[in-house]
Amino acid sequence: MSEYADLAEFGMEYAQDHGADYSEARLIDGQRVAFVLHNGNLISGSELPWKGIGFRVLCNGGLSFVSVDNLTKKAVKSAITTSVKMARNSNPKEKIDFGPPVSNVAKWKVPAKENLRDVPLETMITKLQEMDKVAEDAGINTRATIFEAQSLTKYLVTSEGTKIESDLSMLKFIGVITAKGVLDSEQRYVDLTRSTGWEGTKTWIEEVENECGRIAKVASQSDHKLTGKVDFVVGPEVVGIICHENAGHPSEGDRIMGREGAQAGESFWRDLTLGKSRVGSDHVTILEDPTIPGTGGYYLYDDEGVKARERVLIKNGIITEPLLNREFGVKFGMGSNGSSRSSDFNREPIIRMANTYMKPGDFTFNELVEDVKHGIYMLSFTEWNIDDRRYQSKYVGFECYEIKDGEITETMVRRPVMELTSIGLFSSVDGVTKDLNFDFPGICGKSDPGQGVPVYAGGGSIRMRGIRLG
Amino acid sequence: MLEGVQYVCEVLDWVKVNDMDDTLRSLVDYAISVGQKQKVDLILGLGSQSMNNQIRFSQNKIDINKQWQSDLIELLVVVEGNQVSIGSFSPRDEVYVKERVHAQIKFAQNMTPSPFFMGVESEKHEIDHSSYDNHFDSNIDEYREKAPQVINTCIDEAINTGAKRVAGSFLFGKNSYYLSSSAGPTGSFKNTFYNLTVRAFQEELDASGQGLACGRIPTSSEKDLVQAAAKAGQFSKSHKNAQQVKAGLYDIIMNPAVAANILGKIPQDANPLAILIGMSSLGDKMGEKLAPDFVNIEDNGMQPGGLATTPIDIEGTSRYNTPIIHEGVLKSYIHNTTTGNMFQGESTGNGAFVDFGIGSKIMAPAPTNTVFNNGDHSFDELLDTSRKTIYVTCNWYTRFTSRISTEYSTIPRDAAFLVEKGELSTPLKNFRISDKILNHFANIDAMGNDRVQVKWWEVSVPTWIPTIRVKDCRITTATQ
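Residues numbered from 1 in each chain as written. Chains lettered and ligands numbered in written order. Predicted model: local features only at pLDDT ≥ 70, side-chain atom pairs only at ≥ 80, totals over all residues. Heavy atoms only, no water.

How should I be thinking about the overall build of chain B in this particular structure?
When you go through chain B residue by residue, the secondary structure sums to ten helices and 24 strands. Taking 2.2 N^0.38 as the reference for a compact globule, 480 residues should give roughly 23 Å; the C-alpha atoms of chain B span a radius of gyration of 23 Å, in line with that estimate. By the burial criterion, 67% of the 480 residues in chain B qualify as buried. Contacts in chain B between residues at least 24 apart in sequence constitute 75% of all its contacts with a sequence separation of at least 6. Summed over its atoms, the accessible surface of chain B is roughly 16100 Å², and 44% of this surface lies on carbon and sulfur atoms. Once the 45 positive and 56 negative side-chain charges of chain B are each reduced to a mean point, those two points are 6 Å apart. (Helix = DSSP H or I, 4+ residues; strand = E, 2+ residues; numbered from the N terminus. Rg over C-alpha atoms; globule rule 2.2 N^0.38 Å. Buried < 20%, exposed > 50% of the residue type's maximum accessible area, 1.4 Å probe, protein only. Contact = heavy atoms within 4.5 Å. Areas by Shrake-Rupley, 256 points an atom, 1.4 Å probe, with all protein chains shown as cover. Lys, Arg positive; Asp, Glu negative; His and termini not counted. Charge placed at Lys NZ, Arg CZ, Asp CG, Glu CD.)

What follows is the structure, encoded as structure tokens:
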């Protein structure tokens, strides 16, 4: 437990004493060790103490958020006084309601065998330099590495009796990789983020070697352009981003009801009916689950103290359950499903994804491929985007092979473009494999100021029929 | 939005000042003295004290009021000539500061030599504050009380001009900074700022408009804020019954928000850090003609009213006005002391602690205010074309296949219109610009005379830019 837990409780109670109907304090305390490398050279590093408290207050139906990094009673009193005043003065046209009280008391932690605080700096530096060396040996001429090891404790305490203590351990690694190619340079981010102790780095060298080998191969061999209409077999990395962008984001309750309208946007789900509207074929079932150990999106209680659980966003092509926090749980009449996350003490908790994936189907990979006369096998992607209703999406293939007469050939297809609506995309799916891989770790951005939270995404492989290339 | 890694240059905005809490200032000085006693090669500290507020609103009502209070010291420590550590912490007292400085020195001793550090400014300059008048609003504290009322006025204005639903965010606040360096330079500065995004919708999801306003003096901003809201309302109303675009080549008239996001990326690529890590299109283009003669772009750290305007950079070097593109030709990169040395030049006063989003910060060049020249065409003159042309008022989710070749796509959102017979005609929706930004740059056809400062969610570097017309842009749409 952090030495500042008493201060968090003091602030929560001080808000109650000063007229808050509801108050909460979320304390973060810990350290971050970070490095930046460029082509193997360590160009910067630091060990950062990281602490602060974020308070939310409800007063007369008005909501406020205040954060402080100066952890003194004086600063907390000043922040809470401001917070209560802001909430009271907002006098909203529609009062915010968090629904029935939540009073969970629990402790949870990220499973970590080797505590990141015990890992010598030299060990971290050596590992990063070894990873850089294998990337160089794979033929990658430009490499930037950004690394952070986070060991944090989080303490959530609310006026309703919730007390959640958690020990977080996260490794973040992003390699910015550029390989000179025949036609152009090829660029890609290699993301190895995971919730784990230092043992999570054991496979990193192998993973970087594998990934950089693939990037170098694309740079040297990918030159075959295809046009017209083809079938696609799409690997878990691409399935993951599709699930995240075309299903996860539009399922966010705050988007559906317009709260993210100014920046992140709204959602095409607004005009659909839960439990009735079809957005894909029967093969498409998309799940969201924060409780998967090791993933970037791992948690057991959300940032409002609600117990985490699996959510079924789309079942057999029909939209079923939006992601909800307490406020939007009331608005939808469904209650929270534990989707409230905050990226740091200085960010308001809002509705976020955790780990989003397509439920495995009943095909083997060979069964998917053998039935394709002419198509593309897309293992990974590069450029992508989607509109702010989450309806018009684009995915550009990175490592892609031509499929002919049911066989994956050695011919690498250069940057094929899938430019599809969400419904067009999910409706074209006619097969999903039995396996499940979370091949896509990423940082999901939302809100203003931005909140990047680690997420995972994945699935098996899927087959999509009759896609006209963009 | 899934960000992947976002290359973020932390732009410090400073302006003259004197009212930082004396305790924080003295703790910065104390940190420097602790480092000097330990005989480090360099210790440089930046103390910052900020109180920033935000009001977020949607569905015609305020959702939440926020405030961030922060006291922070960021420290650069260099030992053994070029072993570098950059850290930050919220200071409590001298005991804690001493502990942090010692920890950071120990950390730097574990580092290997960095080829990316070759010193900082060593001369102590008299800081000329004359360019920084009107960067601090002395009524900012009282304004916090008034701001919700101003936002309700904006919501009403958007509705009065045609919106059915209004959403947005209004960020404002004050910051003060104190820089101290064992190499010599010191300086203290303060500023205030505001930044409004208003988005107006009809009942349908795909009829919307956006208005932006930003600047330094919140209490003088009400007229601009209300105008931004009115623009959002008008655009959303005009965008009703938008039609699907057909894919193909079009000329595009980019309003300043769109031009800043897309075209602004080229001058911001004139950064040695971006070049070294493969994230720049300009690594091999010095002296090349990239745009027509009438295009001139500067990185101006002294731009009056600029949201990145400061008297000195993080290294203590005076800010400059650096010509990046002159008459269409790439003339210079921005530099800090280190990259100035690397490229046989001098610092252009662009030193900053650059933040990649995760990981440690590094001391490197970062853009200040990107300033395009104002053009000489009225908006009506820009519309006066017989070519197939689209006017785009907002875009988002710009992503690259290659930062070097600038192959990219972005999604226009909110109001867009076909231009016919010199007027805005059919409202348009559901399309994507998929092209190379270097191609757009070469195809700049005309520049408007309506230059404004843009900084919002999709434009992190303050960019002064007018409406710009670009020929032959590739438009794509969903194939099913």
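I'm lost on the overall build of chain A in this one. Help?
When you go through chain A residue by residue, the secondary structure sums to nine helices and 25 strands. For a compact globule of 470 residues, the expected C-alpha radius of gyration is about 23 Å, and chain A comes in at 23 Å, within 12% of that figure. When its C-alpha atoms are laid out on the principal axes, chain A stretches across 75 × 55 × 35 Å. Counting all 470 residues of chain A, 68% fall into the buried class. Pairs at least 24 apart in sequence give 73% of the contacts found in chain A among residues at least 6 apart. When the accessible surface of chain A is totalled, it reaches about 15300 Å², and 47% of it is carbon and sulfur. Of note, chain A has its 56 positive side-chain charges centred 4 Å away from the centre of its 68 negative side-chain charges.

Looking at this model, I keep getting lost on a negative patch on the surface. Mind explaining?
Residues and elements named next belong to chain B. On the surface, a cluster of negative charge is made up of Asp376, Asp380, Glu381, Asp384 and Glu423. Within the secondary structure layout, Asp376 lies in the loop between β14 (370–372) and α9 (379–383). Judged by its relative accessible area of 61%, Asp376 is exposed. (Patch = residues over 30% accessible without salt bridge, like charges linked within 9 Å, V, L, I, M, F, W, Y side chains within 5 Å. Salt bridge = Lys/Arg side-chain N within 4 Å of Asp/Glu carboxyl O.)

How should the packing of aromatic side chains be read in this particular structure?
Here a ring pair, both rings aromatic, is described through the centre-centre distance and the interplanar angle of the planes. Within this structure, the stated rule accounts for 24 aromatic pairs over all chains. Centroid distance Trp396(B) to Tyr397(B): 5.3 Å. Interplanar angle 80°. Geometry classified as edge-to-face. Accessibility classification places Trp396(B) together with Tyr397(B) in one group, the buried group. The ring centre of Phe10(A) lies 4.7 Å from the NZ or CZ of Lys73(A), which sits over that ring. Looking at Arg403(B), its charged tip hangs above the ring of Phe400(B), at a distance of 4.4 Å from the centre. (Phe/Tyr/Trp six-rings, centres within 6.5 Å; stacked < 30°, edge-to-face > 60°. Lys NZ or Arg CZ within 6 Å of the ring centre and 35° of its normal.)

What should I look at first to understand the packing of helix α1 (residues 5–17) of chain A against helix α2 (residues 73–90) of chain A in this one?
Packed helices, taken two at a time, are described by the angle their axes make and the gap between the axes. All names here are of chain A. Packing of α1 against α2 brings their axes to within 9 Å, and their N-to-C directions diverge by 35°. Crossing hand, α1 versus α2: right-handed. Across the interface between the two elements, Leu7, Phe10, Gly11, Tyr14 and Ala15 from α1 touch Lys73, Val76, Lys77, Ile80, Thr81 and Val84 from α2. Broken down by class, the residue content of the contact of α1 with α2 amounts to seven nonpolar, two polar and two charged. (Axes fitted to C-alpha atoms, helices over the stretch in contact; angles between N-to-C directions. Left-handed = near helix turned anticlockwise from the far one by under 90°. Nonpolar A, V, L, I, M, F, W, Y, C, P; charged D, E, K, R; others polar.)

Help me understand the sheet that holds strand β18 (residues 392–397) of chain A in this model?
Each strand in a sheet pairs with another by means of backbone hydrogen bonds, the pair being arranged parallel or else antiparallel. Residue and element names in this part refer to chain A. On the basis of which strands lie adjacent, the open sheet formed by three strands has the order β17-β18-β21 and antiparallel pairing. Each edge of the open sheet is held by one strand with a lone partner, namely β17 (381–386) and β21 (417–421). Ignoring which end each strand starts from, the neighbouring axes of this sheet average 10° apart. Sheet topology note: the β18/β21 ladder contains five bridges and is antiparallel. The residue bridging Val396 from the neighbouring strand is Val417, located in β21. Relative to the sheet, helix α5 (residues 236–248) contacts β17, β18 and β21, its axis offset from that of β17 by approximately 15°. (Pairing = 2+ DSSP bridges.)

Looking at this model, I keep getting lost on the environment of Ser90(A). Mind explaining?
Locating Ser90(A) in the fold gives a position in helix α2. On the basis of relative accessible area, Ser90(A) is assigned to the buried category, the value being 11%. Sequence separation between Ser90(A) and Ser64(A) is 26 residues, and the spatial gap between their C-alpha atoms is 8.7 Å. For Ser90(A), the residues in contact, after removing those within four places along its chain, are Gly62(A), Leu63(A) and Asn65(B). One polar contact links the side chain of Ser90(A) to the main-chain carbonyl oxygen of Ala87(A), over a distance of 2.8 Å. (Polar contact = N/O pair within 3.5 Å; in protein donor to acceptor, adjacent residues only side chain to side chain.)

What am I meant to see in unusual backbone geometry here?
Glycine aside, residues mostly have negative phi angles, and peptide bonds mostly take the trans form. Here the amide bond leading from Asp448(A) into Pro449(A) is cis, since omega sits at 0°, within 30 degrees of zero. Among the structural elements, Pro449(A) can be located in the loop between β23 (437–444) and β24 (453–459). The backbone of Gln344(B) sits at a positive phi, close to 50°, despite the residue not being glycine. Here Gln344(B) is to be found in the loop between α8 (337–342) and β12 (351–354).

Looking at this structure, I do not really get helix α2 (residues 94–110) of chain B. What am I missing?
Because each turn of an α-helix spans 3.6 residues, side chains separated by three or four positions in sequence point in the same direction. An ideal rise of 1.5 Å per residue puts 24 Å on 17 residues; α2(B) measures up with 25 Å between its terminal C-alpha atoms. The N-capping residue of α2(B), defined by a side-chain oxygen 3.3 Å from the backbone nitrogen of Val95(B), is Asp93(B). (Expected span 1.5 Å × (residues − 1).)

Hey, could you run me through the pairing of strand β5 (residues 186–201) of chain B in this one?
When a strand is regular, its side chains alternate between the sheet's two faces. All names here are of chain B. Most of β5 is tucked away: 15 of the 16 residues are buried. Two strands pair when backbone bridges link them, and strand β4 (residues 165–181) and β5 are joined in this way by 16 bridges, in the antiparallel orientation. Bridge pairing links Gly168 to Val198 in β5. Sheet topology places β5 next to strand β6 (residues 208–215); eight bridges connect them, and they run antiparallel. If you follow Tyr194 over to β6, its bridge partner there is Gly215. Here β5 hands over to β6 after six residues, the two strands then running antiparallel side by side.

Just to check I follow, could you spell out the confidence of the model for chain B for this structure?
Low-pLDDT portions of the prediction should not be read for the details of their coordinates. Residues and elements named next belong to chain B. Averaged over every residue, the pLDDT of chain B is 92; the share at 70 or more is 94%. In the predicted structure, residues 1–18 sits below a pLDDT of 50 and forms 103 contacts with residues beyond four places in sequence or in another chain. Interface confidence in the predicted complex, given as ipTM, is 0.96; pTM for the same model is 0.95. (pLDDT = per-residue confidence, 0-100.)

Help me out: how do you make sense of the pattern of salt bridges in this one?
It is possible for side chains bearing opposite charge to pair when their charged atoms get close. Overall, the coordinates contain 58 salt bridges over all chains when judged by the stated rule. Here the salt bridges share partners, and the residues they tie into one network are Asp184(A), Glu186(A), Arg414(A), Arg415(A) and Glu407(B).

How should the domain arrangement of chain A be read in this particular structure?
For interface size, the figure often reported is the accessible area lost on association. Residue and element names in this part refer to chain A. Per the domain assignment, the segments of chain A are domain 1 (5–221) and domain 2 (229–468). Between the C-alpha centres of domain 1 and domain 2 there is a distance of 23 Å. Counting from both sides, the interface comprises 50 residues of domain 1 and, opposite them, 43 residues of domain 2. Among the salt bridges present, the one from Arg214 reaches Glu399, with a minimum N-O distance of 2.8 Å. (Domains from an automatic or database assignment.)

Any chance you could explain the interface of chain A and chain B here in plain terms?
The partner chain B presents 89 residues to the 112 residues of chain A that form the contact. Buried area between chain A and chain B, both sides added, is near 8400 Å², and the carbon and sulfur share of it is 51%. Counting every contact that joins chain A to chain B gives ten salt bridges. Here Arg199(B) makes a salt bridge to Asp388(A), at a shortest N to O gap of 2.6 Å. In this assembly, chain A and chain B are joined by 60 residue pairs in polar contact (both at pLDDT 80 or more). Here the element with the most residues in the side of chain A that touches chain B is strand β2 (residues 41–59) of chain A; it accounts for ten residues. Tallied by class, the residues present in the side of chain A that touches chain B amount to 43 nonpolar, 37 polar and 32 charged. (Buried area = accessible area lost by both parts, 1.4 Å probe.)

Explain helix α4 (residues 222–238) of chain B to me, please; I cannot follow it from the model alone.
Residues and elements named next belong to chain B. Here α4 spans 24 Å end to end across 17 residues, near enough to the 24 Å set by a 1.5 Å rise per residue. Every buried residue of α4 is listed here: Leu225, Val226, Ala228, Ala229, Ala230, Ala232, Gly233, Phe235 and Ser236. Close packing links the buried residues of α4 with α3 (140–160), β4, β5, β6, β15 (389–392) and β18 (416–420).

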